[in-house]
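# Working through the structure, step by step
Below, each chain spelled out in residue letters.
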2 protein chains.
Amino acid sequence: MAPGGTGARRLSAGVSHAKVNSPAVSFEKTLGEFRTLIDQRLGDLLPDPTSSPGPLHEAMRYSALAPGKRLRPCLCLAAAIACGAKDLEAVLDGACSLELVHCFSLIHDDLPAIDDDDLRRGRPTCHKVFGEALAILAGDALFALAFQVCLASHSNPQVTTKLGTILATASGSAGLVGGEVLDILSEGKKGDIDLLQTIHARKTGSLIEASCSFGAILAQASEASIQACGSFGKSVGLAFQIHDDILNETSTSEELGKAVGSDKERNKLTYPALLGLKESERLANKATQEALESLSQLPGDTELLRNLCLYSVQRKS
Amino acid sequence: MAPGGTGARRLSAGVSHAKVNSPAVSFEKTLGEFRTLIDQRLGDLLPDPTSSPGPLHEAMRYSALAPGKRLRPCLCLAAAIACGAKDLEAVLDGACSLELVHCFSLIHDDLPAIDDDDLRRGRPTCHKVFGEALAILAGDALFALAFQVCLASHSNPQVTTKLGTILATASGSAGLVGGEVLDILSEGKKGDIDLLQTIHARKTGSLIEASCSFGAILAQASEASIQACGSFGKSVGLAFQIHDDILNETSTSEELGKAVGSDKERNKLTYPALLGLKESERLANKATQEALESLSQLPGDTELLRNLCLYSVQRKS
């Protein structure tokens, strides 16, 4: 059974009235509308905090509904539009499943045994508020929920099996979790640009690439468009992560909503540490250009994807 | 893409030659053959320890291939036979995905922040060997792999979407993870039989029920048979867990391959603690009887399911 069955009609209406592609509506406004839609739907999909076990559901909601960029679900929605989707209702749950996986990974990465971070999205991390046991299990439950939501996100089981497989592959040992392990293993060690690229491609790139593929698949795009969205996502993921490394070096904790400089403290392999700030910026811009070039192959309105790509390397947090 | 694509032919031959239903082959021998098949297939499905990141893959294999009862995949195979399946090749990967979820949950439950156990399946727990960070991430990667395997376990996407949804629901906040949280929250508190039943139904029952449903679905059984297998699994899960509580009270650490008496130490809610050993045994037998009654509705050979049910309450470890 699909979790959180309510609210679909309301969300659908919200999306169709948003006129996301009208030139009169600014990118920032559209992004804000997307985030509102995503947060409303996440709120519906997440288990009720008054149902048992309450503390688990509270921990899940605390982390998943904390203010965030919602980059992955926004990329998914924008990719669907770039592939010609008109009604985003069929895309929203797939988009939310990506955010649930992202959120699960943040909770586990922040744990004392891994990155030991106290601050995330401007709030104390999940384990600081709910304790380590509940944080581990809230991460696990969000990961399970991501698959429930993903597998109920479309009426065609061929589509959902494909999406679920992409989500599992992007999350597991060949993707996000494998990248996190490589990141940990590289701490304090000499590494080269190849290793750094592998870490980033898995840890950040895999889910961002999956996000763009999700949008194309849910828009029932051609195989060529699905591939083009995947390539776009791969390049955006790289640009995003290089910019993340730069921000971790140049921003304040207040701006980022999480601890800064911690990469340096841990002797983490980062682009600025390996190549300096200037060369890192050049590479981020190069990846951005490659991403933008992929867009020419898509049949729909690519303006939002283009803006999200530029936002990834221009954001301040 | 299906992970671990090799070995299917060999396994298929192994299964078809096993003559699992021949009266001449004892239950123990069949169980041993099942376990060998499952372990071989798990070995193929798990990532290669020589591929990167090696330590993650080693941790995943260390835990997933540790000697175990393999109750869940065995129930899945036996349920398929009870529903008339002749060739178990189509069932084996679904069965393995259940074991991968079980294994992920054991690694996380054993963590210092949760049950803090040093011994599991007769070996040091995953975090004792690989450290906490790798143990958390190995659990996560096994969970992701479970969905990859499950979603590639059958050629019909309607079947795989159904199985994936059952697996996610049985694992998440309404199942296994939710049960673990209730278990933690109940420690040292006064609880009643209703709460205890809820904990067990979620923490152990949900995945055992799913295991029996998986077998029926993969055997393309009728809706009535799928329901009957689910009911059987529900009762077996209860009987298994009551017996587990009893063993934790009456066995040695050597017999169980894990710490004993720890339930009492933590003031955990258990059947013996709440009702005494004698009444606990009576309830385990009652659940066993209810399970056996469900079998009459199944069209195939139910001997193995019957024996697995009896084994659940007669085992010494």
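Rules and cut-offs
- Residues numbered from 1 in each chain as written.
- Chains lettered and ligands numbered in written order.
- Predicted model: local features only at pLDDT ≥ 70, side-chain atom pairs only at ≥ 80, totals over all residues.
- Heavy atoms only, no water.
- Helix = DSSP H or I, 4+ residues; strand = E, 2+ residues; numbered from the N terminus.
- Contact = heavy atoms within 4.5 Å.
- Buried area = accessible area lost by both parts, 1.4 Å probe.
- Salt bridge = Lys/Arg side-chain N within 4 Å of Asp/Glu carboxyl O.
- Polar contact = N/O pair within 3.5 Å; in protein donor to acceptor, adjacent residues only side chain to side chain.
- Nonpolar A, V, L, I, M, F, W, Y, C, P; charged D, E, K, R; others polar.
- Axes fitted to C-alpha atoms, helices over the stretch in contact; angles between N-to-C directions.
- Left-handed = near helix turned anticlockwise from the far one by under 90°.
- Least-squares fit on C-alpha atoms with pLDDT ≥ 70 in both.
- Buried < 20%, exposed > 50% of the residue type's maximum accessible area, 1.4 Å probe, protein only.
- Phe/Tyr/Trp six-rings, centres within 6.5 Å; stacked < 30°, edge-to-face > 60°.
- Lys NZ or Arg CZ within 6 Å of the ring centre and 35° of its normal.

Time to look at unusual backbone geometry. A negative phi angle characterises most non-glycine residues, just as the trans form characterises most peptide bonds. Residue and element names in this part refer to chain A. At the junction of Ser52 and Pro53, the peptide bond is cis and its omega measures out at -5° in the coordinates. With respect to the element layout, Pro53 can be found in the loop between α2 (27-45) and α3 (54-64). You will see that Arg121, though not glycine, has its phi angle at about 55°, which is positive. Looking at the element boundaries, Arg121 is found in the loop between β1 (119-120) and β2 (123-124).

Right, let's talk about the interface of chain B and chain A for a bit. Chain B puts 44 residues into the contact, and the matching count from chain A is 44 residues. Roughly 3,400 Å² is buried in total at the junction of chain B and chain A, and carbon and sulfur atoms are behind 77% of that figure. Summed over the shared surface of chain B and chain A, the number is zero salt bridges. Our count for the chain B to chain A interface comes out at 11 residue pairs in polar contact (both at pLDDT 80 or more). With 12 residues, the top contributor of residues to the side of chain B that touches chain A is helix α7 (residues 132-151) of chain B. Here the residues of the side of chain B that touches chain A are counted per class, giving 26 nonpolar, 14 polar and four charged.

Moving on, we get to the side chain of Arg70 of chain A. For Arg70 of chain A, the location among the structural elements is in the loop between α3 and α4 (71-82). Polar contacts involving the side chain of Arg70 of chain A include one to the main-chain carbonyl oxygen of Ala66 of chain A, which spans 2.7 Å.

Residue and element names in this part refer to chain B. Contact geometry for helix α4 (residues 71-82) and helix α10 (residues 193-218): axes closest at 6 Å, N-to-C directions at 35°. Where α4 crosses over α10, the two elements pack in a sense that is right-handed. On the side of α4, the interface is formed by Leu71, Arg72, Leu75, Cys76, Ala79 and Ala80, while α10 contributes Thr204, Leu207, Ile208, Ser211, Cys212, Phe214, Gly215 and Ala216. Split into classes, the residues belonging to the contact of α4 with α10 amount to 10 nonpolar, three polar and one charged.

In this section: the relation of the copies chain B and chain A. After a rotation of 180° and a shift along the axis of 0.0 Å, chain B superposes on chain A with an RMSD of 0.0 Å. Within this description, the copies of the chain are treated as partners about a two-fold rotation axis.

All names here are of chain A. Classification of Arg121 as buried rests on a relative accessible area of 17%. Within the local environment of Arg121, its side chain forms a polar contact with the backbone oxygen of Ser63, the two atoms lying 3.4 Å apart. Engagement of the side chain of Arg121 in a polar contact is seen with the side chain of Glu99, the distance being 2.9 Å.

Next up on the list: the pattern of salt bridges. Residues and elements named next belong to chain A. In this structure the tally under the stated criterion is 34 salt bridges over all chains. Taking the shortest distance from any N to any O, the salt bridge between Asp110 and Arg120 comes out at 2.9 Å. Residue Asp110 is found in helix α5 (residues 89-110), and its partner Arg120 is found in strand β1; the two are separated by 10 residues along the sequence. When salt bridges that share partners are traced, they join Asp115, Glu180, Asp183, Glu187, Lys203 and Lys268 into one network.

Two aromatic rings, taken as a pair, are described by how far apart their centres are and by the angle between their planes. Considering all chains together, one arrives at 10 aromatic pairs over all chains under this definition. Summarising the aromatic geometry, the rings of Phe104 of chain B and Phe143 of chain B are spaced 4.1 Å apart at their centres and angled 5° between planes, so their arrangement reads as stacked. Residue Phe104 of chain B is located in helix α5 (residues 89-110), and its partner Phe143 of chain B is located in helix α7; the two are separated by 39 residues in the primary sequence. For the pair shown, Phe104 of chain B and Phe143 of chain B are each scored as buried. Directly above the ring of Tyr62 of chain A sits Arg123 of chain A, whose terminal nitrogen or CZ lies 5.2 Å from the centroid. The ring centre of Phe240 of chain B lies 5.9 Å from the NZ or CZ of Arg72 of chain B, which sits over that ring.

Right, let's get into the environment of Glu89 of chain B. Residues and elements named next belong to chain B. Here Glu89 shows up in helix α5. Among the residues examined, Glu89 registers a relative accessible area of 34% and is labelled partly exposed. In this structure the C-alpha to C-alpha distance between Glu89 and Leu77, which are 12 residues apart in sequence, comes to 9.6 Å.

Note that every value here comes from positions in space, so none of it alone points to a role or purpose.
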